[in-house]
Amino acid sequence: MAAGSGRHRPYNILEASMRIHRGIGLLTATLLLPLVSSAAADAKRGEKLYTGRCGACHSIADNGAGPRHRGLFGCKAGTQAGFNYSDALRKSGIVWDDQTLDRWLADPNKMVPGNSMAVQLASDPTDRADLIAWLRAATTGEGSCQRAGSAGQGQSAAHR
Ligand code: HEC
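Only a predicted model underlies this, so the values are computations on that prediction, with no experimental measurement involved. (Residues numbered from 1 in each chain as written. Predicted model: local features only at pLDDT ≥ 70, side-chain atom pairs only at ≥ 80, totals over all residues.)

Draft legend 1. Fine view of the packing of helix 4 (residues 98-106) against helix 6 (residues 125-138). Running from N to C, helix 4 and helix 6 point in directions that differ by 130 degrees, and their axes come no closer than 10 Å. By the criterion of interaxial angle, the relationship of helix 4 to helix 6 is oblique. Along this stretch, helix 4 crosses helix 6, giving a crossing that reads as right-handed. Residues Asp 98, Leu 101, Asp 102, Leu 105 and Ala 106 of helix 4 form the contact with helix 6, whose own contacting residues are Arg 128, Leu 131, Ile 132 and Leu 135. Split into classes, the residues belonging to the contact of helix 4 with helix 6 amount to 6 nonpolar, no polar and 3 charged. (Axes fitted to C-alpha atoms, helices over the stretch in contact; angles between N-to-C directions. Helix = DSSP H or I, 4+ residues; strand = E, 2+ residues; numbered from the N terminus. Parallel < 35°, antiparallel > 145°, perpendicular 65-115°, else oblique. Left-handed = near helix turned anticlockwise from the far one by under 90°. Contact = placed C-beta atoms within 7 Å. Nonpolar A, V, L, I, M, F, W, Y, C, P; charged D, E, K, R; others polar.)

Draft legend 2. The nonpolar core, seen in detail. Of all hydrophobic cores here, the largest spans 19 residues; its most connected members are Tyr 50, Leu 72, Trp 96, Leu 131 and Leu 135. Among the elements of the structure, helix 2 (43-54), helix 4 and helix 6 are those that each provide at least two residues to this core. Here this core gets 5 residues from one element, more than from any other, and that element is helix 6. Discounting chain neighbours no more than four positions away, the residues touching Leu 131 are Gly 46, Leu 49, Tyr 50, Leu 105 and Ala 122. (Core = buried A, V, L, I, M, F, W, Y, C linked by C-beta atoms within 7 Å. Buried ≥ 20, exposed ≤ 12 C-beta atoms within 10 Å, placed from the backbone.)

Draft legend 3. The arrangement of unusual backbone geometry in detail. Of note in this structure, Ala 118 is not a glycine but carries a positive phi near 55 degrees. Along the chain, Ala 118 falls in the loop between helix 5 (108-111) and helix 6.

Draft legend 4. Broad picture of the site of the ligand. The immediate surroundings of the ligand are formed by 27 residues, with Cys 54, Cys 57, Gly 66, Ser 86 and Asn 115 found nearest. Those elements that provide at least two residues to the shell around the ligand are helix 2, helix 3 (87-90) and helix 4. Looking at the shell around the ligand, the element that brings in the most residues is helix 4, giving 3 residues. Along the lines of polarity and charge, the residues of the shell around the ligand split into 19 nonpolar, 7 polar and 1 charged. (Near = placed C-beta within 6 Å.)

Draft legend 5. Molecular detail of the packing of helix 2 against helix 6. Two elements in contact, helix 2 and helix 6, have axes separated by 7 Å at closest approach and are oriented at 95 degrees. As far as their axial angle goes, helix 6 and helix 2 are roughly perpendicular. Contacts from Ala 43, Arg 45, Gly 46, Glu 47, Leu 49 and Tyr 50 in helix 2 reach Asp 127, Asp 130, Leu 131, Ala 133, Trp 134 and Ala 137 in helix 6. Classifying every residue of the contact of helix 2 with helix 6 by side-chain character gives 7 nonpolar, 1 polar and 4 charged.

See below:
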């Protein structure tokens, strides 16, 4: 049992270095795991993008330089209460969902010429997917906008 304790054979340096290598391999695998699991749209990353790129003008709860985003999905564009929109956006007939948000964020001017957001802040499709995933998660629930299918403008109540 005690045999060999305190004694090292000359080749042990090789064995030790292999042990270290195995250790590093395990460590690397542990560190990489969270990266691998975030291949799909990443709402957490989207939240950071939102804060960094949109937060100067927008928040979920309150109007600022840009309209609040409360209840965004299913809102008719340009209808958050109390925000002074451009005529172009108010009259656009857009309803916000994955596709319309993707087009808007890719290039607001192309989608709605004459709008007053006019900044192209997410030309990367991955950034847009992550932003939209975050917006979807953060804006569900009641809104302060006109919903698609509500009073007046076309859009029969296709969804409930
Ligand atoms: C420089 C200020 C500014 C920044 C930065 C900005 N926006 Fe806007 N945003 C606006 C303004 C102003 C409007 C209203 C446009 C209009 O009335 O034509 C708007 C409108 C919108 C709308 C339509 C909302 C509605 O009620 O119909 C969405 C969605 C939106 N922005 C998302 C974003 C996202 C996501 C980002 C970040 C990638 C962003 N915006 C960055 C100023 C900004």
